[in-house]
Amino acid sequence: MHLLRLTAVAAAVALVSAPLQAREITFGHVGGPDSLFTDSANHFAELANERLPAPYEVVTFGSSQLGTDSELLQRMRLGTVDLALPSTIMSSVADEFGLFELPYLIQDREHMKRVEEEIVWPHLAPLAEQNGYRILAVWENGFRHITNNVRPIHTPDDLQGVKLRTPRGAWRVRMFEEYGAEPSPMALSEVFMALQTGVMDGQENPLAQITGQRFQEVQNYLSLTGHVYTPAYLTAGRRFDNLPDEIREILIEVAQETQDFVYEHAAQLDKDLLDVIREAGTEINEVDTSVFIEASGPIYEAFANEVSGSQELIDRVLELANDS
């Protein structure tokens, strides 16, 4: 009996003194090594890991290591990935997210902050939650521009016949069809090869994604269209609710604190990366955005007609552009 008691005590001591098994909070995204997504995710992880108690730790996986955007959405629903950073693809979760597919809707980051407060949190975030996703914070993908190997793009007419890769968002495809291009949705991880081999003539992305994916190495022209501003949403899946309250609160707090870093870093990248692209030999041109805006009327009309309640959202976003 005495021996059994000693054995039990020894086992208990060993259990208490053993290191806690790490609980990785997996964070997948599609950004390349030097992209805004990677910088944002790593900044978030660093801050979160300073505050999270053992055994919790945020571990980031960029460059589509855990899957494409659509695969990451699915894996969050299944509970095999904790966090992801979807952008355009959120319009496949709820049609209303297609609001951010409308060209020239968001004027600048200050405008976006007002839109976040009055549109994203009260109207869009609940729709994501109804579909199994919890938005923790609104970060950014950025203002998008067109690169291609056919010709400089000055007006929508210059896009006639250009085979253009787009993300998997229906309204982006329809917008470029309206402009006269030949858009094709494709996972970001596949685009470099498609451009290099001529399967695609061009693509459209923020500067930080263009350089993060090294597209300047296989594209002759960059046209600064700034046609769409795309937010990125730090999003959690089904496993989030299983985390202790303390852990969830830390992740939400740090996610929202990270937004200031994201916006400041993105604004700086918009300035710095033009030189990177130019030094690669890519020709850069400005565009007459008024011509693009004029050509965008049918997209606004179609979105308002097809997505219930969207006209009110559009009107409010436009009103917020004039607020200060």
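Fair warning: this is a prediction, and the values are worked out from it, not measured in the lab.

Two elements in contact, helix α4 (residues 109-130) and helix α8 (residues 245-279), have axes whose closest approach is 12 Å; the angle formed by their N-to-C orientations is 145 degrees. Once α4 is placed against α8, the crossing between them reads as right-handed. Counting all contacts with α4, which are made through Arg109, Met112, Lys113, Glu116 and Trp121, the residues of α8 involved are Gln256, Gln259, Asp260, Tyr263, Ala266, Ala267 and Asp270.

For the structure shown, the criterion picks out 4 cavities of 30 Å³ or more. Considering only enclosed or pocket space, the largest cavity measures out at about 240 Å³ in volume. Taken together, 21 residues form the lining of the largest cavity, with Val30, Asp69, Arg165, Pro167 and Leu188 sitting closest to its centre. Of the residues contributing to the lining of the largest cavity, the split by class is 8 nonpolar, 9 polar and 4 charged. Of the volumes computed, that of the second largest cavity is approximately 50 Å³. What lines the second largest cavity is Ser87, Thr88, Met90, Ser91, Phe97, Phe100, Glu101, Thr230, Pro231 and Tyr233. A breakdown of the residues in the lining of the second largest cavity according to their chemical character gives 5 nonpolar, 4 polar and 1 charged.

Once that is clear, we can look at the layout of surface pockets. Take a probe with the size of a water molecule and roll it over the atoms, and the empty space left behind shows itself. Considering only enclosed or pocket space, the largest pocket measures out at about 190 Å³ in volume. In terms of lining residues, the largest pocket is bounded by Tyr104, Phe143, His145, Leu207, Leu224, Thr225, Gly226, Asp270, Leu274 and Thr289. If you list the elements that add at least two residues to the lining of the largest pocket, you get β4 (134-148) and α8. Here the lining of the largest pocket is composed, by residue class, of 5 nonpolar, 4 polar and 1 charged.

Before going further, it helps to examine the pattern of salt bridges. As enumerated under the stated definition, the model contains 16 salt bridges in all. Residue Asp270 pairs with Arg109 through a salt bridge whose shortest N-O separation is 2.9 Å. Within this pair, whereas Asp270 is found in helix α8, its partner Arg109 is found in helix α4, the two being separated by 161 residues in sequence. Exposure remark for Asp270: the relative accessible area of 26% places this residue in the partly exposed category. Since its relative accessible area comes to 14%, Arg109 is described here as buried. Across the pair Arg316 and Glu118 runs a salt bridge whose closest N-O atoms are separated by 2.8 Å. Here Arg316, found in helix α11 (residues 310-321), pairs with Glu118, found in helix α4; they are 198 residues apart in sequence, far enough to count as distant. Relative accessible area serves as the criterion here: at 25%, Arg316 is assigned to the partly exposed category.

Next up on the list: the packing of aromatic side chains. Enumeration according to the criterion identifies 8 aromatic pairs in this entry. Their ring planes at 85 degrees and their centres at 5.3 Å tell us that Phe97 and Tyr233 sit as a pair that is edge-to-face. Here Tyr233 lies in strand β9 (residues 229-236) and Phe97 lies in the loop between β3 (83-84) and α4, a separation of 136 residues in the sequence. Look at Phe97 and you get buried, because its relative accessible area is 3%. Judged by centre distance (4.7 Å) and plane angle (55 degrees), the rings of Phe143 and Tyr229 are tilted. In this pair, Phe143 sits in strand β4 while Tyr229 sits in strand β9, placing the two residues 86 residues apart along the sequence. The exposure class assigned to Tyr229 is buried, which follows from its relative accessible area of 3%.

Our next topic: the side chain of Ser40. Tracing the chain through its elements places Ser40 in helix α2 (residues 36-51). Apart from the residues within four sequence positions on either side, Ser40 is in contact with Trp139, Thr258, Phe261 and Val262.

Reading guide: rules and limits
- Residues numbered from 1 in each chain as written.
- Predicted model: local features only at pLDDT ≥ 70, side-chain atom pairs only at ≥ 80, totals over all residues.
- Heavy atoms only, no water.
- Axes fitted to C-alpha atoms, helices over the stretch in contact; angles between N-to-C directions.
- Helix = DSSP H or I, 4+ residues; strand = E, 2+ residues; numbered from the N terminus.
- Left-handed = near helix turned anticlockwise from the far one by under 90°.
- Contact = heavy atoms within 4.5 Å.
- 1 Å grid on protein atoms, 1.4 Å probe; cavity = no way out; pocket = protein on both sides within 12 Å on 5 of 7 lines; lining within 4 Å.
- Points joined across faces, edges and corners; volume = space filled by probe spheres on them.
- Nonpolar A, V, L, I, M, F, W, Y, C, P; charged D, E, K, R; others polar.
- Salt bridge = Lys/Arg side-chain N within 4 Å of Asp/Glu carboxyl O.
- Buried < 20%, exposed > 50% of the residue type's maximum accessible area, 1.4 Å probe, protein only.
- Phe/Tyr/Trp six-rings, centres within 6.5 Å; stacked < 30°, edge-to-face > 60°.

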